[in-house]
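Residue-level structural notes
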Amino acid sequence: MDTAATLDAVAEELAEARRVLFITGAGISADSGLPTYRGVGGLYEEDLTAEGFSIEEALSGPMLRQHPQITWKYLAQIERTCRDARPNRAHQVIADLERRGTAVTVFTQNIDGLHRQAGSSDVIEIHGRLHHLHCTRCSYETEVDSFSDLELPPACPRCNALVRPRVVLFGESLPQMEMEQLLRTLDAGPDMVFSIGTSSLFPYVAEPVLWASEQGITTVEINPGTTPVSPFADHRITQGAAATLEALWQRLR
């Protein structure tokens, strides 16, 4: 089936769907000017950081505890990249579907907050949100627009302990509340499950697609490359997220 025919088929099912789950990764934000994590044009293409660590080590929970200045250095790099980004057409179409009356849930690996900026209300940010800061000792928390005015690593204004973003670093557990929210979404029975712009390497990202396939729920993958969930997708569209979702929206209209 060619791309146009696949888009027609997906749009036809999407028009009838009452509940839709969108699983999104870094690729959905590419048209907002944000680089993917690794790969050609990725934010971290070098093997090691200037300090001699892998980026996974630098952005890990143990590193934050032992050498917070290193972790915060690379958190600040990511934040500078994300700071002025705005939702692109992919984020907007997903939000438009919700406004159209579809029950939409977004399960995203991204920490850029662009789904919420676009207007999606049911967003499960499994890796957290970069601009949401909290104290590692007391109950202090705040939302900031940027890290530009922060002294790094920042100290809590109440107790002087380390402040950190509410994100999941390497080696840390996933937030239980968000995982439970995903399970409730699956229990409710989505009519379609989309995987968009994610390499699907983490089990908790791939498993909802595999589960949907086993249940006979329509699965759609939008990704220029092949991933572990590609064999389980009923429909595969190997082009960018923004162009694909805009094409689907035009067909729905």
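Preceding block: the structure.
About the criteria used
Residues numbered from 1 in each chain as written. Predicted model: local features only at pLDDT ≥ 70, side-chain atom pairs only at ≥ 80, totals over all residues. Heavy atoms only, no water. Pairing = 2+ DSSP bridges. Helix = DSSP H or I, 4+ residues; strand = E, 2+ residues; numbered from the N terminus. Axes fitted to C-alpha atoms, helices over the stretch in contact; angles between N-to-C directions. Buried < 20%, exposed > 50% of the residue type's maximum accessible area, 1.4 Å probe, protein only. Right-handed = clockwise from strand over helix to strand, strands pointing away. Salt bridge = Lys/Arg side-chain N within 4 Å of Asp/Glu carboxyl O. Contact = heavy atoms within 4.5 Å. Core = buried A, V, L, I, M, F, W, Y, C linked by side-chain atoms within 4.5 Å. Phe/Tyr/Trp six-rings, centres within 6.5 Å; stacked < 30°, edge-to-face > 60°.

A short note on the sheet that holds strand β5 (residues 141–143)
The 3 strands lie next to each other as β5-β4-β6, forming an open sheet whose pairing is antiparallel. Edge positions in the open sheet fall to β5 and β6 (163–167), since each of these has one partner strand only. The mean inter-strand angle of the sheet, taken between neighbouring strand axes irrespective of direction, is 35°. Inspection of the sheet shows strand β4 (residues 128–135) paired to β6 by 5 bridges, in the antiparallel sense.

A closer look at the pairing of strand β8 (residues 218–222)
Among the 5 residues of β8, 5 are classified as buried, and the element is accordingly described as predominantly covered. The two faces of β8 match: Thr218, Val220 and Ile222 on one face and Thr219 and Glu221 on the other face are all buried. Relative to β8, strand β7 (residues 192–196) runs parallel, the two sharing 5 bridges. Counterpart to Val193 in the pairing with β8 is Thr219. Handedness of the β7-helix α8 (residues 203–215)-β8 crossover: right-handed. Pairing of β8 with strand β9 (residues 235–237) involves 3 bridges; the strand directions are parallel. Following the sheet pairing, Ile222 is matched in β9 by Ile237.

Notes on the pattern of salt bridges
In the structure shown here, the tally under the stated rule is 13 salt bridges. Taking the shortest distance from any N to any O, the salt bridge between Glu125 and Arg116 comes out at 3.0 Å. A relative accessible area of 37% means that Arg116 is categorised as partly exposed. Taking the shortest distance from any N to any O, the salt bridge between Arg129 and Glu125 comes out at 2.9 Å. Note on Arg129: relative accessible area 22%, which makes it partly exposed. Taking the relative accessible area as the measure of exposure, Glu125 reaches 8% and is therefore buried. Shared partners join several salt bridges into a network, and the residues in it are Arg89, Asp96, Arg99 and Glu246.

Digging into the sheet that holds strand β2 (residues 103–108)
Sheet strands associate in pairs through backbone hydrogen bonding, adopting either a parallel or an antiparallel arrangement. Read across the open sheet, the 6 strands follow the order β3-β2-β1-β7-β8-β9; overall the sheet is parallel. Pairing within the sheet leaves two strands with one partner each, and these edge strands are β3 (123–125) and β9. For this sheet, the mean inter-axis angle between neighbouring strands, taken without regard to orientation, is 15°. Sheet contacts for helix α1 (residues 3–16): β1 (19–24), β7, β8 and β9; angle to β9, the most-contacted strand, approximately 125°.

Digging into the nonpolar core
Grouped together as the largest cluster of nonpolar side chains are 28 residues, with contacts concentrated most on Phe22, Ile94, Met192, Phe194, Ile196 and Leu245. Those elements giving two or more residues to this core turn out to be α1, β1, α5 (89–100), β2, β7, β8 and α9 (241–252). Beyond its immediate sequence surroundings of up to four residues, Ile94 is in contact with Phe22, Ile28, Val104, Val106, His115, Ser120, Ile196 and Leu245.

Quick look at the packing of aromatic side chains
Applying the stated criterion to the full structure yields 3 aromatic pairs. With centroids separated by 5.4 Å and ring planes inclined at 5°, the aromatic side chains of Phe202 and Tyr204 adopt a geometry described as stacked. By relative accessible area, which is 37% here, Phe202 ends up partly exposed.

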